[in-house]
Amino acid sequence: MDLNKTVAIVTGANRGLGRHLAAGLVERGAKVYAAARNPETVDLPGVIPLKLDVTDAESIAAAAQAASDATLLVNNAGISTSAPLIVGDIDDVRCELNVNFFGPLTVTRAFAPVIENNGGGTVLNVLSVLSWFHPAALGSYAASKAAAWAMTDAVREELAPRGISVSALHVAYMDTDMAAGVPAEQKIDPADVATQALDGIESGLAEILADDTTRYVKQSLSSSNSA
């Protein structure tokens, strides 16, 4: 995909990885809608702030109408409540599934006809190494990302005949607000992750593994499946 000719919408673009993805797309010549629940928090030069709450159907529909020229959707918005599945607050579990699974699915459903009508394009889903590795302490987050990984694979097959490719970005800890409590030496620069993600989109990769931890876990998963 030639990002210089792309019209992109990035969810959760007001901070963290989303902000870096939006900035990188602008640098590569794309037109960028920087979507956030509160668009006034978007302070990135060169983007078009856009109101979008991935848990609100009316907000999603309005965003799809406003960004009717989109050819690239980046499903980046997400949350982590650190809720375990058994003793955690069930409302936290529901919230993570709502944002991390139903959110990107609903946004993709809304933008698929937009992208198709514009001649095809790409969807990038921001996932996690916890799509494959499921520690109890982060059970809710891991379950939501595992579900989003399955959704990504299924939607890739469903949208291919419509000229839309679907990519997954998997990454471990990044130096963002979500991983504020993680030691610095365990975190990767989100700017580097954004660069890898955009390079992967340009190369047409179905799966982008952004760090050594993620590559190791994926390789281990493949080895265990073949054992």
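Everything that follows concerns the structure shown earlier in this document.
A brief report on the enclosed structure follows.

Conventions adopted
Residues numbered from 1 in each chain as written. Predicted model: local features only at pLDDT ≥ 70, side-chain atom pairs only at ≥ 80, totals over all residues. Heavy atoms only, no water. Helix = DSSP H or I, 4+ residues; strand = E, 2+ residues; numbered from the N terminus. Rg over C-alpha atoms; globule rule 2.2 N^0.38 Å. Contact = heavy atoms within 4.5 Å. Areas by Shrake-Rupley, 256 points an atom, 1.4 Å probe, with all protein chains shown as cover. Patch = residues over 30% accessible without salt bridge, like charges linked within 9 Å, V, L, I, M, F, W, Y side chains within 5 Å. Salt bridge = Lys/Arg side-chain N within 4 Å of Asp/Glu carboxyl O. Core = buried A, V, L, I, M, F, W, Y, C linked by side-chain atoms within 4.5 Å. Buried < 20%, exposed > 50% of the residue type's maximum accessible area, 1.4 Å probe, protein only. Axes fitted to C-alpha atoms, helices over the stretch in contact; angles between N-to-C directions. Parallel < 35°, antiparallel > 145°, perpendicular 65-115°, else oblique. Left-handed = near helix turned anticlockwise from the far one by under 90°. Pairing = 2+ DSSP bridges. Right-handed = clockwise from strand over helix to strand, strands pointing away. Nonpolar A, V, L, I, M, F, W, Y, C, P; charged D, E, K, R; others polar.

**Points about the overall build of the protein chain**
Logical step 1: When helices and strands are tallied, the protein chain shows six helices and seven strands.
Logical step 2: Computed over the C-alpha atoms, the radius of gyration of the protein chain is 17 Å, within 12% of the 17 Å expected from 2.2 N^0.38 for a compact globule of 227 residues.
Logical step 3: Taking the principal axes of the C-alpha coordinates as reference, the protein chain spans close to 45 × 35 × 35 Å.
Logical step 4: Across the protein chain, the fraction of contacts at a sequence separation of at least 24, relative to all contacts at a separation of at least 6, is 64%.
Logical step 5: Of the roughly 10600 Å² of accessible surface on the protein chain, 52% is carried by carbon and sulfur atoms.

**Comments concerning a nonpolar patch on the surface**
Logical step 1: Taken together, the side chains of Leu85, Ile86 and Val87 make up a nonpolar region of the molecular surface, amounting to roughly 370 Å² of accessible area.
Logical step 2: By the element assignment, Ile86 lies in the loop between β4 (72–75) and α3 (90–117).

**Some remarks on the nonpolar core**
Logical step 1: In terms of nonpolar packing, the biggest core is built from 30 residues, with Val10, Leu17, Leu21, Leu25, Leu169 and Val193 touching the most fellow members.
Logical step 2: When residues of this core are traced back to their parent elements, those giving at least two are β1 (7–10), α1 (16–27), β2 (31–36), β4, β5 (121–126) and α5 (190–203).
Logical step 3: At five residues, α5 tops the list of elements feeding residues into this core.

**Let's talk about the environment of Ala150**
Logical step 1: Checked against the element boundaries, Ala150 lands in helix α4 (residues 139–159).
Logical step 2: The spacing of Ala150 and Ser131 is 19 residues in sequence and 8.9 Å in space, taken between C-alpha atoms.

**Notes on the packing of helix α2 (residues 57–66) against α3**
Logical step 1: Here α2 crosses α3 at 25 degrees, and the two axes come no closer than 10 Å. Classed by the angle they form, the pair α2 and α3 counts as roughly parallel. α3 is crossed by α2, and the crossing has right-handed handedness. From α2, Ile60, Ala63 and Ala64 reach across to α3, where they touch Thr106, Val107, Ala110, Phe111 and Val114.

**What to know about the sheet that holds β4**
Logical step 1: An order of β3-β2-β1-β4-β5-β6-β7 is seen for the seven strands of this open sheet, with the pairing classed as parallel. Since the sheet does not close on itself, it has two edges, and those belong to β3 (48–51) and β7 (207–209), each with one partner. Taking the axes of each pair of neighbouring strands and ignoring which way they run, one obtains an average angle of 20 degrees across the sheet.
Logical step 2: Together, β1, β2, β4, β5 and β6 (164–170) form the strand contacts of α1, whose direction differs from that of β1 by roughly 170 degrees.

**So, the pairing of β6**
Logical step 1: A large share of β6 lies buried, amounting to six of its seven residues.
Logical step 2: As defined by bridge partners, β5 adjoins β6 across six bridges and the pair is classed as parallel. Each bridged residue has a counterpart across the sheet, and for Asn125 the counterpart in β6 is Ala168.
Logical step 3: Handedness of the β-α-β unit built from β5, α4 and β6 comes out right-handed.
Logical step 4: Sheet topology places β6 next to β7; three bridges connect them, and they run parallel. Across the sheet, His170 pairs through a bridge with Leu209, a residue of β7.

**Section: the packing of α1 against α5**
Logical step 1: One can describe the packing of α1 onto α5 by two numbers: an axis separation of 9 Å at closest approach and a directional angle of 50 degrees. Here α1 lies oblique to α5, going by the angle between them. Note on packing geometry: the crossing formed by α1 with α5 is right-handed. Residues Leu17, His20, Leu21, Gly24 and Leu25 of α1 lie in contact with α5, whose contacting residues are Pro190, Ala191, Val193, Ala194, Ala197 and Leu198.
Logical step 2: Its residues placed into classes, the contact of α1 with α5 shows nine nonpolar, two polar and no charged.

Keep in mind that these numbers describe shape and distance, not what the molecule does.
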